[in-house]
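Report on the structure
Given next are the chains, with one letter for each unit.
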Amino acid sequence: MVFVDGVRTPFGKAGPKGQYAETRADDMAVNVIRELLRRNPDLPPERLDEVALAATTQTGDQGMTIGRSAALLAGLPKSVPGFAIDRMCAGAMTAVTTVASGIAFGAYDIAIAGGVEHMGNHPMGEGADPNPRFVSDKIVDSSALVMGSTAENVHDRYPSLTKDRTDAYAALSQQRYDDAATAGKISPDLVPVSTRSAEQGWGLATADEPPRPGTTADDLAGLKTPFRPHGRVTPGNAAGLNDGATGCLIADADTAAELGLPVGMRLVGYAFAGVEPEVMGVGPVPSTERALERAGLSIDDIGLFEINEAFAVQVLAFLEHFGIADDDPRVNPWGGAIACGHPLASSGVRLMTQLSRHFAERPDVRYGITTMCVGFGMGGTVIWENPHFTGNGGDAK
């Protein structure tokens with residue numbers, strides 16, 4: 001199974017002043033689908049076997065079986081089916097692994113997978129009704145229902161993960177993103193989106209809205225800690241509330257060759273794992289261990305890491321567990337969600353798209369992973385192989 005191509009909209013700030021405040025979620029998804037077809041003109045739309053799109057909050061313009069409704073709105077043949085997925089932040093990641101499993105089984109040849117989240121219109125948990133027994137029966141601690149509180153719990157569990165370290169990591173994410181954007185590495189995969197607001201009229205979203213170039217650790221040191229008095233998690237060392245959509249083409253290798261489609265990377269294996277919901281951020285550790293074991297690999301075989309930055313402390317917990325330095329250049333070389341944003345269910349494909357671009361620039365690296373923590377106590381990890389690997393250039397991991 002191969003990753004052919006991936007794109008995304010620019011990510012916006014959620015809320016009435018964000019660039020997508022009056023843009024529909026399904027229209028963002030439509031932009032992504034159309035761009036994938038535009039960039040891959042040798043793919044006949046009728047050859048698509050599925051459109052799997054994720055959303056965490058499946059209501060309003062993110063409801064109506066978003067995969068099918070977005071496919072119809074994008075003008076795909078009515079013979080192309082679609083469906084919706086929810087695994088909170090790992091929605092797009094699960095869309096990819098689900099259609100990949102279908103390809104491996106022989107049910108599909110090629111499919112679109114991705115996600116969309118308009119957190120401005122649909123805040124996380126909107127309309128949800130958590131069963132009171134979660135807390136009354138002590139199935140979970142009440143903090144498990146607030147993602148920022150779970151990040152504070154990770155700090156409690158790992159005292160070595162100090163606020164100074166998370167602020168330093170967050171500043172590095174901003175710097176790396178800015179360096180990559182300045183070098184022109186971000187924009188080629190962004191799909192411009194027409195926007196409209198009553199105050200500003202028509203516009204065009206062409207760049208990510210959340211980044212704060214020039215941010216330093218000192219700038220972040222004095223920010224408020226909204227989840228706990230005198231806490232450690234701040235708006236500066238966590239991803240914000242964001243809007244955006246992502247999508248990718250996943251195909252059987254023979255079908256990609258038949259249609260002359262590019263191959264960005266090959267899927268080696270994947271795993272999801274559960275952890276205590278109160279420390280949701282440690283989820284990528286067991287999911288990565290499980291994926292590596294199933295693939296017959298070790299962490300030393302991995303030459304590139306795309307780790308979603310829901311919270312800096314969550315990334316540092318992963319790095320510390322595997323003995324990786326906070327500033328290791330193999331980790332999020334172009335920055336991460338702390339800088340560019342994290343529209344929940346869409347983020348998994350952003351990680352994959354960036355990893356495929358890294359692979360194209362790094363023929364000396366054979367394996368990479370995309371991994372993320374998932375709300376209510378889970379982690380997800382996908383291992384990828386570089387089709388451009390030559391084994392030359394020193395470090396051939």
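Above this text sits the structure in question.
Residues numbered from 1 in each chain as written. Predicted model: local features only at pLDDT ≥ 70, side-chain atom pairs only at ≥ 80, totals over all residues. Heavy atoms only, no water.

**Things to note about the overall build of the chain**
Let me state the cut-off plainly: In DSSP terms, a helix is any run of H or I states spanning at least four residues, a strand is any run of E spanning at least two, and both are numbered starting from the N terminus. Note that the radius of gyration is over C-alpha atoms, with the globule rule given as 2.2 Å times the number of residues to the power 0.38. Relative accessible area decides the class of each residue, using a 1.4 Å probe on protein chains only: under 20% of the type maximum gives buried, over 50% gives exposed, and in between gives partly exposed. Should any heavy atoms of two residues lie within 4.5 Å, those residues are counted as being in contact. The Shrake-Rupley method, run with a 1.4 Å probe sphere, supplies the accessible areas, and residue values consider only the shown protein chains as cover. Just so you know, the count uses Lys and Arg for positive and Asp and Glu for negative, and it drops His and the chain ends. In plain terms, the charge of a residue is placed at NZ if it is Lys, CZ if Arg, CG if Asp and CD if Glu.
Scanning the chain from terminus to terminus reveals 12 helices and 12 strands. For 397 residues, the compact-globule estimate of 2.2 N^0.38 gives 21 Å, and the chain sits close to it at 20 Å. Considered along the principal axes of its C-alpha atoms, the chain spans approximately 55 × 55 × 45 Å. When the 397 residues of the chain are sorted by exposure, 57% land in the buried category. Across the chain, the fraction of contacts at a sequence separation of at least 24, relative to all contacts at a separation of at least 6, is 79%. Accessible surface, the chain: about 15700 Å² in total, of which carbon and sulfur atoms supply 51%. Within the chain, one finds 32 positive and 49 negative side-chain charges whose respective centroids are separated by 1 Å.

**Regarding the pairing of strand β4 (residues 82-85)**
The test is simple: For two strands to pair, DSSP has to find at least two bridges joining them. Seen with its strands pointing away from the viewer, a crossover is right-handed when the path leading from the first strand over the helix to the second is clockwise.
Here strand β3 (residues 51-54) runs beside β4; their pairing, made up of 4 bridges, is parallel. Bridging from a neighbouring strand, V51 pairs with G82 of β4. Between the parallel elements β3 and β4, the chain passes through helix α2 (residues 66-73) in a crossover that is right-handed.

**Concerning the nonpolar core**
Basically, it comes down to this: Take the buried Ala, Val, Leu, Ile, Met, Phe, Trp, Tyr and Cys residues and link them wherever side-chain atoms come within 4.5 Å; each set so joined is a nonpolar core.
If you look at the biggest cluster of nonpolar residues, it comprises 39 residues, and the most contacted ones within it are F305, F311, F318 and L319. Every element with two or more residues in this core is listed here: α5 (147-157), α6 (163-182), α9 (284-295), β10 (302-307), α10 (312-321) and β11 (367-374). The greatest single-element share of this core, amounting to 7 residues, is contributed by α10. The contact partners of L319, leaving out residues within four places of it in the chain, are I307, I324, A325, D326 and V331. Within the second largest apolar cluster, 35 residues are counted, among which are I85, A92, V99 and W384.

**A word on the state of the cysteines**
In plain terms, the rule: Throughout, a disulfide means two cysteine sulfur atoms within 2.5 Å of one another.
Counted according to the given criterion, the structure contains 0 disulfides. Distance from the sulfur of C340, which forms no disulfide, to the nearest cysteine sulfur (C89) is 14 Å. Residue class for C340 comes out buried when judged on its relative accessible area of 1%. Of the cysteine sulfurs around C373, a residue in no disulfide, the closest is that of C89, at 6.2 Å. In this structure C373 comes out as buried when scored by relative accessible area, which is 1%.

**Description of the packing of aromatic side chains**
Which entries qualify depends on this criterion: Centre distance within 6.5 Å is the pairing criterion for rings of Phe, Tyr and Trp, where only the six-membered ring of Trp is used; planes under 30 degrees apart are then read as stacked, over 60 as edge-to-face, and the remainder as tilted. For a lysine, the NZ atom is tested; for an arginine, the CZ atom; a charge sits over a ring if that atom is within 6 Å of the ring centre and within 35 degrees of the ring normal.
Overall, the coordinates contain 5 aromatic pairs when judged by the stated rule. Judged by centre distance (5.9 Å) and plane angle (80 degrees), the rings of F3 and W384 are edge-to-face. Of the two residues, F3 is situated in strand β1 (residues 2-8) and W384 in strand β12 (residues 378-385); the sequence distance between them amounts to 381 residues. Of the two residues, F3 and W384, neither departs from the other in class, the shared state being buried. Here Y270 and F272 contribute two aromatic rings whose centre-to-centre distance is 6.2 Å and whose plane-to-plane angle is 65 degrees, an arrangement assigned as edge-to-face. By relative accessible area, which is 16% here, F272 ends up buried. Seen from the ring of F11, R8 lies directly overhead, with NZ or CZ sitting 4.4 Å from the centre. Positioned above the aromatic ring of F272 is the side chain of R87, whose terminal nitrogen or guanidinium carbon lies 3.7 Å from the ring centre.

**Focus: the environment of T371**
Inspection of the secondary structure puts T371 in strand β11. Residue contacts for T371: discarding those within four places in its chain leaves M93, P284, S287, T288, E306, I307, N308, F318, L351, G380 and T381.

**Re the side chain of S287**
Note that S287 resides in helix α9. For S287, a relative accessible area of 0% translates into the label buried. When sequence neighbours within four positions are dropped, the list of residues in contact with S287 reads A271, F272, A273, T371, G379, G380 and T381.

**Remarks on helix α1 (residues 25-39)**
To keep things clear, this is the line we draw: Each residue after the first adds 1.5 Å to the expected span of a helix.
The end-to-end C-alpha distance of α1 is 22 Å, a good match for the 21 Å that 15 residues give at a rise of 1.5 Å each. Listed in full, the buried residues belonging to α1 are A25, D26, M28, A29, V30, V32, I33, E35, L36 and L37. The secondary structure elements touched by the buried residues of α1 are β1, β3, α2, β5 (110-118) and β8 (242-251).

**Remarks on the pattern of salt bridges**
Keep this limit in mind: Any Lys or Arg side-chain nitrogen located within 4 Å of an Asp or Glu carboxyl oxygen qualifies as a salt bridge.
Enumeration over the complete set of coordinates arrives at 20 salt bridges. For R24, the salt bridge is made with D26, and the minimal N-O distance between the two is 2.9 Å. Note that E258 is salt-bridged to R47, the shortest N-O span being 3.1 Å. Residue E258 is found in helix α8 (residues 253-259), and its partner R47 is found in the loop between α1 and β3; the two are separated by 211 residues along the sequence. Of the residues examined, R47 reaches a relative accessible area of 25% and is grouped as partly exposed. Several salt bridges share partner residues, and in doing so they unite D5, R39, D189 and R357 into one network.

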